[in-house]
Amino acid sequence: MDSFTKAIKRYLEKRFGNSIEDASERQIYQALMVITRDKLAEKRYHYINKLKESEQKRVYYMSMEFLVGKTLRNNLYNLGIESEVKNFLSENGFVLDKIYDIEPDPGLGNGGLGRLASCYMDALTSQEYPITGFSILYEFGIFKQVISNGWQQEFPDNWLDLGKYGLIYRSDEEVEIKFYGETKEQWTSDGLRIKYEDYTPIIAEPYDLMISGYETDAVNVLRLWKSKASGGFNMRLFEQGEYSKSVESKAIAESISKLLYPADDNNKGKELRIKQQYFFTSASLQQIVKMHYKAYNTLDNLAEKVVIHINDTHPSLCIPELMRILMDEYEYSWDKAWEITIKTFAYTNHTIMAEALEKWSVDLFRPILPRIYTIISEINNRFCKWCKDIGASVDLEEMSIIHNDMIRMANLCIVSSYSVNGVSKLHSDILKKDTFKSFNRIYPGKFTNVTNGIAHRRWLGQANPELTKYLNELLEVDFIKDLSSIENLLEYKSDESVINNLENIKKIKKVQLAEYIKKNTGLTVDTNSIFDVQIKRLHEYKRQLLNALHIIYLYKEIKYNALKPYPRTFIFSAKASSGYVMAKNIIKLICSISEIIEMDPEVRKYIKVVFLEDYRVSLAEKIIPAADVSEQISQAGKEASGTGNMKLMLNGALTLGTMDGANVEIYNAVGKDNIFIFGLSSEEVSDLSERGYRSEEFYQNSSVIKETIDFMRTLDNGDSNFNYMADYLVSRDPYMCLADFESYLEQQKLIEKTYQDRIKWGQMSLVNIANSGIFSADRATSEYVKEIWNIKKVK
Ligand code: 26V
């Protein structure tokens, strides 16, 4: 620690010519970021040497997204020096929390998929497993959301400005990526060779982010690739005065890593997206193969020493890229290359929403990646032939990789990987029984389940130090090291003093959140009210609209039926992808409800609606510890897993949910008396869908639905969209909000009643915390380690 504080002082002197007394907060921030990074790099050096010596198998985790969250606090916490640094700074007149605030959230992801990747990096590193993440160094992460008159507006997120201090540039490991051009077959003395001509080269520059583990010597790396033109700008054009043309190719090259695609809901076959995918998969594969060859002088044993994990289909071009490298650069035959390839890849599916399943049109794809296209096409031909040969009555319409001139990336992944998994029991069952049933028939045993998990060290240890400290003293076990030991809390279920203490901690977190709400929205919320929270991407299938409809119902009852409900604060936070009109309309609707209630003194005594803008990891860390109710109300069968549900449960919120995704497993863990379940099951949804769902029938046949929707229309003032949304619900309602409304209402009433029995609620909350052990990312990643990857700790 002494060396750490010395290093900070030295950095301030050398870099800024400042002593700590004269330093600014911004300088302190920079010094802390750099010194922490370098300390981790030094640890990494020892760790990597051990790893190399042991020649053990490694995992490479490929993901277009890693939603890392702020790094500084996480690293100081993991290094076990947070309180010393805090004291050192406060002795010198600085507040560590204010320094933390300076760091931008590296928003290199859209939502659950990207956050999961980061939780897994953290958990695997804490358990000393050798893993490297690969992704793109987006210059602009997920947009900053500003709400203006209720409508979402998007602004660029220039995170590198202040975020760059955590990165290490590795100029020695640049690689070249080839686009466009033509491939030619050429007979040489060694046989048939592929010659690739007239291609456009792009350079991939590597930047490493150190990933620390909790109380361990392990340090893993997240490698982020940045695109750069090969050869800079055109000097001749520049001299001729054609300045903008001279830098054009540079700008085109750099556009590849410019921006994270801010949509997670549809795949609108964009050229730039294909380029991003190939750019980072090719760069990563080239590096993996090169390192392996250097270590072993052969690639024959690649599959024994390497697992490449594909996080959703976005990195699926890894597969043909490995085939290409093996055949074109290392002269392997097709058969030998294929044998290695199918033993190297494992794939996780994260969605069954048809719009999000990736497909590329052949016409778009082939000119950009001619050689890769030929390889995919050959994989497909051989796969289709194999299907016919085994004589299975298989459905090639459903299974072939290329179909109707579209390349189906999930099919490519299934055919080319040794393992395919879903992310919750229900989701994995749906994959096997429905989405990929024919594949499951011809590949028995290939499909498995690994239920998602969360990094509890961040989501409890760091986000809720008050609860962590209390449980530590009470339980006398190190549940931060091993979350399963948190079940010891169950012993205190009947201990009223424990229940009271938990309630007091919840209150502290609610007061903190209320301050944030006041500061950011101007709204004053009652910290004795129920904090009812729905935080996640805005998607119709997640049904924020159902939640809004319930609030409209309450408003009507308070206003016209003298209902005096127990006070509630409904808290929303969500980004909509920029082209998703209906999602933006739902945000507008929620904001309009909030405004109307705020203007009505009769109503705002009881209910308030808060929409917090710019949902991101650091905001989630503030909201989750303060939540009483966790809204997990997706249409059954649609949410692959959910992970926010687990984070909220761990912090003592009670789930109000459908039997969907991991909610089913939360239900099994806590038992029916400690959760509020409503709505159709996924089979019932399918049945109703098949029979033909008509929301208007629900409107006509239920007086509460009818009255609520009719009332909703009266709120429309021309500037709002109540009428428009009412029409949508009655005429379309694609995710069956109306079908589930009455059952939702019933559970909402039960919540209100139960909350007022403070002991009962406290006990339920305690049972939730105590049973959250299975949702640790340590458990989830251990399953990947044992069931899929077969790797060992670095000792
Ligand atoms: C899809 C697409 C489609 C093309 C445009 C860009 C883009 C970007 C991301 C995605 C991913 C959608 C899949 C996803 O985020 N799934 C979520 O994964 C979580 C972690 O497994 C899981 O908890 C959520 O239930 C699931 O929705």
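Scoring rules and cut-offs
Residues numbered from 1 in each chain as written. Predicted model: local features only at pLDDT ≥ 70, side-chain atom pairs only at ≥ 80, totals over all residues. Heavy atoms only, no water. UniProt positions renumbered as here; feature names shortened; annotations may be inferred. Axes fitted to C-alpha atoms, helices over the stretch in contact; angles between N-to-C directions. Helix = DSSP H or I, 4+ residues; strand = E, 2+ residues; numbered from the N terminus. Parallel < 35°, antiparallel > 145°, perpendicular 65-115°, else oblique. Left-handed = near helix turned anticlockwise from the far one by under 90°. Contact = heavy atoms within 4.5 Å. Nonpolar A, V, L, I, M, F, W, Y, C, P; charged D, E, K, R; others polar. Buried < 20%, exposed > 50% of the residue type's maximum accessible area, 1.4 Å probe, protein only. Pairing = 2+ DSSP bridges. Right-handed = clockwise from strand over helix to strand, strands pointing away. Near = heavy atom within 4 Å. Polar contact = N/O pair within 3.5 Å; in protein donor to acceptor, adjacent residues only side chain to side chain. Areas by Shrake-Rupley, 256 points an atom, 1.4 Å probe, with all protein chains shown as cover. Core = buried A, V, L, I, M, F, W, Y, C linked by side-chain atoms within 4.5 Å. Domains from an automatic or database assignment. Buried area = accessible area lost by both parts, 1.4 Å probe. Salt bridge = Lys/Arg side-chain N within 4 Å of Asp/Glu carboxyl O. Patch = residues over 30% accessible without salt bridge, like charges linked within 9 Å, V, L, I, M, F, W, Y side chains within 5 Å. Lys, Arg positive; Asp, Glu negative; His and termini not counted. Charge placed at Lys NZ, Arg CZ, Asp CG, Glu CD. Expected span 1.5 Å × (residues − 1).

- An unreviewed UniProt entry lists the protein chain under the name Alpha-1,4 glucan phosphorylase, with Peptostreptococcus russellii given as the organism.
- Entered under Cofactor (unreviewed entry) in the UniProt record, the comment concerning the protein chain runs "pyridoxal 5'-phosphate".

1. Examining the packing of helix 1 (residues 2–16) against helix 2 (residues 25–54)
Each pair of packed helices can be summarised by the angle the axes make with each other and by the distance between the axes.
Alright, step 1. At a minimum axis distance of 9 Å, the contact between helix 1 and helix 2 shows a crossing angle of 125 degrees. The angle between helix 1 and helix 2 falls in the class oblique. Between helix 1 and helix 2 lies a crossing of right-handed hand. From helix 1, Phe4, Ala7, Ile8, Tyr11, Leu12, Arg15 and Phe16 reach across to helix 2, where they touch Gln27, Ile28, Gln30, Ala31, Leu32, Val34, Ile35, Thr36 and Lys39.
Alright, step 2. Split by residue class, the contact of helix 1 with helix 2 holds 11 nonpolar, three polar and two charged.

2. Quick notes on the pairing of strand 21 (residues 629–632)
Alright, step 1. With burial as the criterion, each face of strand 21 is covered, one bearing Val629 and Glu631 and the other bearing Ser630 and Gln632.
Alright, step 2. Direction of pairing for strand 18 (residues 530–535) relative to strand 21: parallel, over a ladder of two bridges. Counted as the bridge partner of Asp532 is Val629 from strand 21.
Alright, step 3. Direction of pairing for strand 21 relative to strand 22 (residues 654–657): parallel, over a ladder of four bridges. By the bridge assignment for strand 22, Val629 is matched with Leu654.
Alright, step 4. Read from strand 21 through helix 28 (residues 644–650) to strand 22, the crossover connection turns out right-handed.

3. Quick word on the site of the ligand
Alright, step 1. The environment of the ligand is formed by 19 residues, the closest being Ala263, His350, Asn452, Glu639 and Gly642.
Alright, step 2. At a separation of 3.3 Å, an oxygen atom of the ligand approaches a polar backbone atom of Ala640.
Alright, step 3. Between Ser641 and the ligand, the recorded distance is 3.0 Å, taken from a backbone N or O atom to an oxygen atom.
Alright, step 4. When the free accessible area of the ligand is taken as 600 Å², the share hidden by the protein chains comes to 93%.

4. So, the nonpolar core
Alright, step 1. Phe365, Phe439, Leu471 and Trp789 are the most contacted members of the largest nonpolar core, which totals 163 residues.
Alright, step 2. Two domains each put at least three residues into this core: domain 1 (1–361 + 409–452) and domain 2 (456–773).
Alright, step 3. Leu471 has contacts with Glu476, Phe479, Ile486, Leu489, Leu502 and Ile769, leaving out every residue within four places of it along the chain.
Alright, step 4. Judged by nonpolar contacts, the second largest core, of 65 residues, contains Phe570, Ile586, Phe676 and Phe722.

5. What to know about the domain arrangement of the protein chain
Alright, step 1. Domain boundaries in the protein chain define domain 1 (1–361 + 409–452) and domain 2 (456–773).
Alright, step 2. The centre of domain 1, based on its C-alpha atoms, is set 33 Å off from the matching centre of domain 2.
Alright, step 3. At the interface, 43 residues of domain 1 touch 49 residues of domain 2.
Alright, step 4. Buried area between domain 1 and domain 2, summed over both chains or domains, comes out near 3800 Å², and the portion from carbon and sulfur atoms is 50%.

6. Considering the pattern of salt bridges
Alright, step 1. With the rule as written, the count across this model stands at 46 salt bridges.
Alright, step 2. Among the salt bridges present, the one from Arg223 reaches Glu173, with a minimum N-O distance of 2.6 Å. On the criterion of sequence distance, the pair formed by Arg223 in strand 10 (residues 219–229) and Glu173 in the loop between strand 5 (167–169) and strand 6 (175–179) is long-range, its members being 50 residues apart.
Alright, step 3. By relative accessible area, Glu173 is classed as partly exposed at 23%.
Alright, step 4. Between Lys559 and Asp600 there is a salt bridge, with its nearest N and O atoms 2.9 Å apart. One end of the pair, Lys559, is in helix 24 (residues 544–560); the other, Asp600, is in the loop between helix 25 (581–598) and helix 26 (601–604), and 41 residues separate them in sequence.
Alright, step 5. Each of Arg170, Asp172, Glu173, Asp208 and Arg223 takes part in one network of salt bridges that share partners.

7. Things to note about a negative patch on the surface
Alright, step 1. Residues Glu683, Glu684, Asp687 and Glu690 make up a contiguous surface patch of negative charge.
Alright, step 2. Counting through the fold element by element, Glu684 comes out in helix 30 (residues 682–691).
Alright, step 3. Classification of Glu684 by relative accessible area gives partly exposed; the value is 41%.

8. Focus: the pairing of strand 18
Alright, step 1. Across the six residues that make up strand 18, a large majority, six, are buried.
Alright, step 2. Neither face of strand 18 is open: one carries Ile530, Asp532 and Gln534, the other Phe531, Val533 and Ile535, and all of them are buried.
Alright, step 3. Both strand 18 and strand 19 (residues 568–573) contribute to a ladder of six bridges, which runs parallel. What sits directly across from Phe531, in strand 19, is Thr569.

9. What to know about helix 6 (residues 112–126)
Since the α-helix advances by 3.6 residues per turn, residues separated by three or four positions end up pointing in the same direction.
Alright, step 1. For helix 6, with 15 residues, the first-to-last C-alpha span of 21 Å sits near the 21 Å given by 1.5 Å per residue.
Alright, step 2. In terms of burial, helix 6 is a largely internal element, 14 of the 15 residues being buried.
Alright, step 3. Following helix 6 by one or two positions, Glu128 has its phi on the positive side, about 65 degrees.

10. Section: unusual backbone geometry
Alright, step 1. Non-glycine residue Asp733 carries a positive phi angle of around 45 degrees.
Alright, step 2. Of the residues examined, Asp733 reaches a relative accessible area of 2% and is grouped as buried.
Alright, step 3. Positioned with a positive phi, Met736 is a non-glycine residue whose angle comes to about 55 degrees.
Alright, step 4. Its place among the elements puts Met736 in the loop between helix 33 (722–731) and helix 34 (737–756).

11. Brief notes about the side chain of Gln27
Alright, step 1. Along the polypeptide, Gln27 turns up in helix 2.
Alright, step 2. Reaching out from Gln27, the side chain makes a polar contact with the backbone nitrogen of Ser24 at a distance of 3.1 Å.
Alright, step 3. In contact with Gln27, not counting residues within four places along its chain, are Leu12, Phe16, Asn18 and Asp22.

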